[in-house]
Amino acid sequence: FYMKAGAVIQEDISEASLIVGVKRPPEEKVIPRKTYAFFSHTIKAQEANMGLLDDLLNKEVRLIDYEKMVDTNGYRIVAFGQWAGVAGMINILHGLGLRFLALGHHTPFMHIGMAHNYRNVSQAIQAVRDCGYEISMGLMPRSIGPLTFCFTGTGNVSKGAQDMINELPVEYVEPHELKDVSETGDMNKVYATVLSRRHHLVRKSDGNYDPMEYENHPELYTSHFRTSVAPYTTCLINGIYWDPHTPRLLRRLDAQRLIRPLKSLSALNEGSPALPHKLLAICDISADTGGSIEFMTECTTIDKPFCIYDADQHIDHDSVEGNGILMCSIDNLPAQLPIEATEYFGDRLFPYIWEMLLSDATKSLNEEEFSPQVRDAIITSNGALTPKFEYIEKMREKREKAQILKRTGMKRVLLLGSGYVSGPVVEYLSRDEGTQVTVASVLLKQAEELAARYPNTIPIMLDASSQEGHLDSLVTDHDLVISMLPYSFHPIVAKHCIRRKVNMVTASYLSPAMKELQSSVEEAGITIVNEMGLDPGIDHMLAMECIEQAKADGCTVESYSSFCGGLPAPECSDNPLRYKFSWSPYGVLLNTMNPAVFLRDGEVVSIPAGGTLMDSATAMDFFPGFSLEGFPNRDSTKYAEQYGIQTAHTLIRGTLRFKGFSKAMGGFVKLGLINTDPNPVLLHPTSTISWKELLCHQMGLSSSMSPEAFEEAVYKQVGEDQFRMDTLRWLGMLSDDAVPHADTILASLAKHLEAKLSFAKGERDLIIMRNDVGIRHPTGELEMRQISLVVYGELNGFSAMAKTVGYPAAIAARMVLDGEISRKGLLVPMTNDIYGLALARLKEEGLHIISKSILQE
Ligand SMILES: NC(=O)c1ccc[n+]([C@@H]2O[C@H](COP(=O)([O-])OP(=O)(O)OC[C@H]3O[C@@H](n4cnc5c(N)ncnc54)[C@H](O)[C@@H]3O)[C@@H](O)[C@H]2O)c1
Ligand SMILES: N[C@@H](CCCCN[C@@H](CCC(=O)O)C(=O)O)C(=O)O
C-alpha cells in the first residue's frame, strides 16, 4: 500500500529528519537531534512517561505532540478520540458479556467481539445491532435488572462511544433519573445518561457550580458523582479530560463502597444468581493512570483487555472473574480500528506535514518558521522544554515533594547517584523502617531499578549539572545527603548542604575544591564525612587502627605501603586488559594519567601526569598465587602528616591490576586516547566517526590509507608491541566500528570499554587490599605488619567493590543520623571515633581482615 503510493520502505530511518509516529517510540530507539511527532502523554507530567521526556531532552529531540496541535478555534487537529470511543464501547460490551457469564448470566452481549475482531466499523455495528435486537426481544435475563450506562464527558470520545450504544435500544435519561430507571426501568432496552460538569461538580463552600470559576479554580470544587450517579450505574464509560487540579470521579474508597453487596438487588433476584453490586464495569477510555479514576493505575492492553479491580485489596486480577469491578483501560484503542483510524490520521495531519518536514532539530526554534498550529505543539527542542511547557518540570517536582514528605517521622536520606557502588547504601539504610531513601540520578531508569528492590525508597530524576534549583529543594527536604555522583559534583552538592544546613557523606577524596568550603561548613555547623569508601576509606581505617595501636605501644612506624585493586575474579579476567569495571569507568581511565609522588627509602619519587604512570608498574608478589602488578596512586607523601607517620622512610599508596593492564593501557596513552580535551570531532550531531578514522586523526594520517598501511602505522605508534595491537584488535579499535559520542576522547573510550569490559551475568569481581606497615619496637625489633583484605563479589548480587564502598558510606550516614558522629566540619575516617565503630560494623557485614606479623632482624 505504502509502496504503491511511492514510499521507499527501509528499516534504517537514521537519515530521516522527521519521524512521524502515533504512540511513543521505545526510548532506546530514539535517535538524537531529530524531529519526532507523536502522542507523548507528557503534558500532565504523567509519571510513566517522564523517563521518555528526559530521554528526549538528553537527546536534544524536537518533539511535536499532536495533543497540542489545535486549529484557530482551539479544536484539536489530530484527535483520535472518536475512534477510541467507538472501539472502547465495542470492547466493554464484549467485556460485559464475559463478566455477566462469569456471574452466571448468559446475555446478548456474548454476540459482540473485541473491536479488532471486525474488518471495519460497519461490521462491528452489525454485531451491536444484533445484540440490540435480542435485548428488544426481551432476551436479557430478568434477574439482571435494567442496565444503565453512564458516559462522562461530552467530547469526541464520549460521542464515539454513544454512536455505538445508539445501535442498541437505548433511552437517554438525565443523571438524576438514573436511580429510578435502574430500579424500575424497562428490561427490553438499556438506559444511558451523559454526564457533563454541571451534573456533578459543586463548589466545596456552598454546593453551587460556576463554570467560569471552575475553569480558573478547579481546586475549589468537588464531585458528587460517587454518591449521586455511580451507585445507579451498571457500566461507566469515562471520556473526560482530567487535569491533576480537578476533582476525581472515583477514588479507591468509593470503589470499596460501590462493591458492597446491595440488599435490594438480592430481593429482586430471587431464584437467580444475584449480581454482587450495581457498578459492574468501567471502560476508562481517557486512560489517565491514577487520574479521574484514581484506582486505574495501569492501562490494560489489546492483548489483555480486561482485569478485575478488587477495591478491598487494591489489586487488579488478570481475569473477568472474582470479586470487584471489570476494568478496561486500553490506551491505544484506535489501533483496533486500523483502517478508519489511519485514514483519519493521514487526512488531518497532511496539511502540516510539509512544514514539519523542514524542521531541523539542531537549529534553535527562533530560526524556524512554523505555523502556530505546529509551533505551539513543540514540547521539547534543543535539549530544553519550550517556555509554554516549562510547567511540566514544576509539576513533576511538586508531585515528587509530596511523595517525599508523605510519611511523617521518617529520617530522610537523599542518595545522589545510582551507579556501580550505590546498591549496598540503599540496602543498609533501608534495614531501618524509620529511614526513607530518595535515590536521585540523571538516569531515571537506573534509580527506579535500584529503588524497586527496597522498602521506603523513592526514585527520582535529577540532573545535578543543570537543575540546581531542583537539587536545592531536594537537599532542603532531607536530613542527610550521600553523594555517589562523580566526584567533581561534590562541591556543588556541598554548597547546597551548607546553605540548607544538611549533613553529607561521600566516598571520595577530600579534594581541594571541597577543602575550600571548610570554613563555610564549620559556620553552618554541619558535618561532611569524606573518603568513606574502600580506597579511600577502609585503607585509612586499617592504617590508622594499626598506626595508633603501634604508637600506643611505644613503637615507631618506619614504612607504610598500601596497595588496593578492584579486579575481576581471576576466572573472569578473560580479556587482554585482564580487567572489568566495578566502579566508574571514566574514573578508572582518568587515574591512569594522574601524576604520582611517593617516598622510597627516604627519597621522593615523582611521576609526571599524562600517562607515564603506566610505565612505572612493577610486579607485586605479596600474594604469589595472583599475577599482580602495581603502580603508585596520587600523592602518597601527604599521608606522612595525615597519618602522623613523619618517621617513615617509605610511604606509598598504589593501585593493583593483573599483569598486562599497564602495558595495554600504555598503548592507549601512545595513541593519545587518554585525553580529556573537548573534541568536536566526536560530537558531530548526525555522523559518527569510526575507530580507524579516529586513530588516523590522532596519528595525523589520512583515513583513506589501506588496512595494511593503517595497521603498520598503529604498530609503530604503540611501540611495535604485538600485545598492544592484539588488545586494540580485540576491542574492535582497528576497525570501522563507531566511536561512541562523547565530548572528549577519554569519555568515548570509557563508553567503548565499558561495553566491552563489563561483568556478565554469573561473573564476579574481586577487591584486594594489602597494607604493609614497618613498625620499630622499643626493643629495636622490626615488625612487618601485613594487613590483607580480599573480598569476592556475590554471583548475581552485590559486587565486592559495591560492598566495600557502599557499606562504609552507609555506615557513616547511619552514624551521623544517629548522632554517633557529632563533630562538625570536614571529616575523614582517620580518627578513632569514626574508624573504631565503622570497622566494627564492617566486620558485622562479613568483612574479613587478615593481620600477620613477621619479625625482621
Ligand atoms: N572510595 C572508594 O573506594 C570509591 C570506590 C568507587 C567509587 N567511588 C566514588 O563513588 C562515587 C560513585 O561511584 P560509581 O562507581 O557508582 O560511579 P558511577 O559512574 O557508576 O555512578 C555515578 C552515578 O551518578 C549519576 N550521575 C552522573 N551525572 C549525573 C548528573 N549530572 N546528575 C545526576 N546524576 C548523575 C549516574 O547516573 C550514576 O548513577 C564516585 O564519586 C566514585 O569516584 C569511591
Ligand atoms: N585503587 C583501586 C580502588 C579504587 C577505588 C576507587 N577510588 C576512586 C575514588 C575517587 C573519588 O571519588 O575521589 C579513585 O579514583 O581512586 C583501583 O583503582 O582499583
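Residues numbered from 1 in each chain as written. Chains lettered and ligands numbered in written order. Predicted model: local features only at pLDDT ≥ 70, side-chain atom pairs only at ≥ 80, totals over all residues. Heavy atoms only, no water.

1. Things to note about the sheet that holds strand S13 (residues 325-328)
On the basis of which strands lie adjacent, the open sheet formed by eight strands has the order S5-S6-S4-S9-S10-S13-S11-S12 and mixed pairing. Every interior strand has two partners, whereas the edge strands, strand S5 (170-172) and strand S12 (315-317), have only one. Geometrically, the sheet is characterised by an average inter-axis angle of 25 degrees between neighbouring strands, direction not taken into account. The sheet contact formed by S5 and strand S6 (residues 190-195) spans three bridges and is parallel. The residue of S6 that forms the bridge with valine 170 is valine 190. Each of strand S4 (148-152), strand S9 (235-238), strand S10 (281-284), strand S11 (307-310) and S13 touches helix H2 (residues 81-102); the most contacted strand, S13, lies at about 150 degrees to it. (Pairing = 2+ DSSP bridges. Helix = DSSP H or I, 4+ residues; strand = E, 2+ residues; numbered from the N terminus. Axes fitted to C-alpha atoms, helices over the stretch in contact; angles between N-to-C directions. Contact = heavy atoms within 4.5 Å.)

2. So, the side chain of aspartate 721
With respect to the secondary-structure elements, aspartate 721 resides in the loop between helix H25 (707-717) and helix H26 (722-730). Leave out the neighbours within four places in its chain, and aspartate 721 touches Lys663 and Tyr715.

3. Considerations on the site of ligand 1
Around ligand 1 lies a shell of 28 residues, among which Ser418, Gln446, Ala464, Leu485 and Ala507 are the nearest. Here an oxygen atom of ligand 1 sits 2.9 Å away from a polar atom, N or O, in the main chain of tyrosine 420. Between aspartate 463 and ligand 1, the recorded distance is 3.0 Å, taken from a side-chain N or O atom to a nitrogen atom. When the free accessible area of ligand 1 is taken as 850 Å², the share hidden by the protein chains comes to 88%. When grouped by side-chain class, the residues that make up the shell around ligand 1 number 16 nonpolar, 10 polar and two charged. (Near = heavy atom within 4 Å. Polar contact = N/O pair within 3.5 Å; in protein donor to acceptor, adjacent residues only side chain to side chain. Areas by Shrake-Rupley, 256 points an atom, 1.4 Å probe, with all protein chains shown as cover. Nonpolar A, V, L, I, M, F, W, Y, C, P; charged D, E, K, R; others polar.)

4. Focus: the sheet that holds strand S14 (residues 378-381)
With mixed pairing, the five strands of this open sheet are ordered in space as S1-S2-S3-S14-S15. The open sheet terminates on both sides in strands that have one partner only, identified here as strand S1 (18-20) and strand S15 (384-385). As judged from the three bridges shared by S1 and strand S2 (residues 35-37), these two strands associate in the parallel manner. Bridge pairing in S2 places isoleucine 19 opposite tyrosine 36. Against the sheet, helix H1 (residues 50-58) touches strand S3 (62-64), S14 and S15, its axis set at about 50 degrees to S14.

5. A short note on the pairing of S4
Among the five residues of S4, five are classified as buried, and the element is accordingly described as predominantly covered. Residues Thr148, Cys150 and Thr152 of S4 are buried on one face, and the alternating residues Phe149 and Phe151, pointing to the opposite face, are buried as well. Strand direction decides the pairing type here: S4 and S6, joined by five bridges, are parallel. If you follow phenylalanine 149 over to S6, its bridge partner there is alanine 192. For S4 and S9, the ladder comprises four bridges, and the chain directions are parallel. (Buried < 20%, exposed > 50% of the residue type's maximum accessible area, 1.4 Å probe, protein only.)

6. Thoughts on the packing of helix H20 (residues 538-552) against helix H29 (residues 832-844)
In contact at an axis separation of 10 Å, H20 and H29 are set at 115 degrees when each is read in the N-to-C sense. Judged by the inter-axis angle, H20 sits roughly perpendicular to H29. The two elements H20 and H29 cross, and the hand of that crossing is left-handed. Taking contact as the criterion, the partners of Ile538, Met541, Leu542, Met544, Glu545 and Glu548 in H20 are, on H29, Asn832, Tyr835, Ala838, Leu839, Leu842 and Lys843. (Parallel < 35°, antiparallel > 145°, perpendicular 65-115°, else oblique. Left-handed = near helix turned anticlockwise from the far one by under 90°.)

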